[in-house]
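Per-entry structural report
Each chain is listed here by its residues.
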Amino acid sequence: QVRLVESGGDSVQTGGSLRLSCVPSGSTFPSAWVTWFRQAPGKEREGVAAIWTGTGATQYADSVKGRFTVSREDVRSPIYLDLNNLQPEDTATYYCAARARTLPRGAGALSRDLYDFWGEGTQVTVSS
């Protein structure tokens, strides 16, 4: 019913920047939580950055605060993740996920089990 397609992953040097995009297709919705996750080899998938498209409210993992920014320029834009000052530890497959409902009371947005729709991922590799 809803399909998410990520793009923008690349190989960059330490300190570089990337912009990832998440484009939904199929059924549309007026507002949603859209969250970026990442998974490195041998590690669990972790939530990185989330945005509620109705208001622009955001949540970030401590590991990326001050370096990554999730945004949507307007209602017709993709959801972006801007990755700045990239470090080798940021190397991972980055996934976009969406939840077309508000969060349960008291819940944070970075939990994997909250999301209904997932993209296939885009690879980010950071080398020194």
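Here we summarise the structure given alongside this text. (Residues numbered from 1 in each chain as written. Predicted model: local features only at pLDDT ≥ 70, side-chain atom pairs only at ≥ 80, totals over all residues. Heavy atoms only, no water.)

Side note on the pattern of salt bridges
Oppositely charged side chains can form a pair if their charged atoms are brought close together. Defined as follows: Salt-bridge detection follows one rule: a side-chain nitrogen of Lys or Arg within 4 Å of a carboxyl oxygen of Asp or Glu. A run of H or I in DSSP becomes a helix once it reaches four residues, and a run of E becomes a strand once it reaches two; helices and strands are each numbered from the N terminus. Only protein chains enter the accessibility calculation, which uses a 1.4 Å probe; a residue whose area is less than 20% of its type maximum is buried, one above 50% is exposed, and one in between is partly exposed.
A full pass over the atoms with the stated rule returns 7 salt bridges. Glu73 is paired through a salt bridge with Arg19; the nearest N and O atoms lie 3.7 Å apart. Separated by 54 residues along the polypeptide, Glu73 in the loop between strand E7 (68–71) and strand E8 (79–83) and Arg19 in strand E3 (residues 18–26) bring together distant segments of the chain. Its salt-bridge partner being Asp90, residue Arg38 comes within 2.9 Å of it at the nearest N-O pair. Note that Arg38 is positioned in strand E4 (residues 33–39) and Asp90 in the loop between E8 and strand E9 (92–99), a separation of 52 residues in sequence. Its relative accessible area of 1% is what places Asp90 among the buried residues.

With respect to the state of the cysteines
The line we're drawing: By definition, disulfides here are pairs of cysteine sulfur atoms that lie within 2.5 Å.
The full count for this structure, using the stated rule, is 1 disulfide. For Cys22, the disulfide goes to Cys96, at an S-S distance of 1.9 Å. Judged by the sign of its S-S torsion, about -75°, the bond between Cys22 and Cys96 is left-handed. One end of the pair, Cys22, is in strand E3; the other, Cys96, is in strand E9, and 74 residues separate them in sequence. Accessibility classification places Cys22 together with Cys96 in one group, the buried group.

Topic: the sheet that holds E7
Basically, it comes down to this: For two strands to be treated as a pair, DSSP must find at least two bridges joining them. Throughout, an axis means a line fitted to C-alpha atoms (over the contacting stretch in the case of helices), and angles, computed between N-to-C directions, take values from 0 to 180 degrees.
Taking strand neighbours across the sheet as the criterion, the 4 strands line up as E1-E3-E8-E7 in an open arrangement whose pairing is antiparallel. Each edge of the sheet is formed by a strand with only one pairing partner; in this case those strands are strand E1 (2–7) and E7. Going across the sheet, the axis of each strand differs from the next one's by a mean of 15°, ignoring polarity. Sheet analysis places E3 next to E8, joined by 5 bridges and oriented antiparallel. Residue pairing in the sheet places Leu20 in a bridge with Leu81 of E8.

Notes on the layout of surface pockets
Gaps between atoms show up when a probe of the same size as a water molecule is rolled over them. Convention followed: Every definition here rests on a 1 Å grid over the protein atoms only: cavities are sets of points where a 1.4 Å probe fits but cannot get out, pockets are open sets enclosed by protein on both sides within 12 Å along at least five of seven lines, and lining residues have some atom within 4 Å of a point. Grid points are joined across faces, edges and corners, and a volume is the space filled by probe spheres set on the points. When residue character is reported, Ala, Val, Leu, Ile, Met, Phe, Trp, Tyr, Cys and Pro are called nonpolar, Asp, Glu, Lys and Arg charged, and the others, Gly included, polar.
Its boundaries defined by the atoms lining it, the largest pocket holds a volume of some 250 Å³. Every residue lining the largest pocket is counted, 18 residues in all, and those nearest its centre are Pro24, Phe29, Arg72, Val75 and Ile79. Examining the composition of the lining of the largest pocket, we find that 5 residues originate from one element, E3, more than from any other. Among the residues making up the lining of the largest pocket, the classes are represented as 11 nonpolar, 6 polar and 1 charged.

Some details on the pairing of E1
Side-chain alternation along E1 places Val2, Leu4 and Glu6 on a buried face and Arg3, Val5 and Ser7 on a face that remains uncovered. Bridge count for E1 against E3 is 6 bridges, and the pairing is antiparallel. Residue pairing in the sheet places Leu4 in a bridge with Pro24 of E3.

Details of the packing of aromatic side chains
To keep things clear, this is the line we draw: Stacked, edge-to-face and tilted labels apply to pairs of Phe, Tyr and Trp rings (six-membered ring for Trp) whose centres lie within 6.5 Å, assigned for plane angles under 30 degrees, over 60, and everything in between, in that order. Ring-over charges, as used throughout, are those where CZ of Arg or NZ of Lys falls within 6 Å of the ring centre and within 35 degrees of the ring normal.
Under the definition given, this model contains 4 aromatic pairs. Pairing Trp33 with Trp52 gives two aromatic rings, centres 5.9 Å apart and planes at 50°, and the pair type is tilted. Here Trp33 is found in strand E4, whereas its partner Trp52 is found in strand E5 (residues 46–52), with 19 residues between them in sequence. No difference in accessibility class separates Trp33 from Trp52, as the two residues are buried. With centroids separated by 4.8 Å and ring planes inclined at 45°, the aromatic side chains of Phe37 and Trp118 adopt a geometry described as tilted. A residue pair is termed long-range when its members are at least 10 positions apart, and Phe37 in strand E4 and Trp118 in strand E10 (residues 117–118) qualify at 81 residues. Taken together through their ring pairs, the aromatic side chains of Phe37, Tyr115 and Trp118 make up a single cluster. Above the ring of Tyr80, the side-chain terminus of Arg19 is found at 4.0 Å from the ring centroid. The ring of Tyr95 is capped by Arg45, whose NZ or CZ atom sits 3.7 Å from the centre of that ring.

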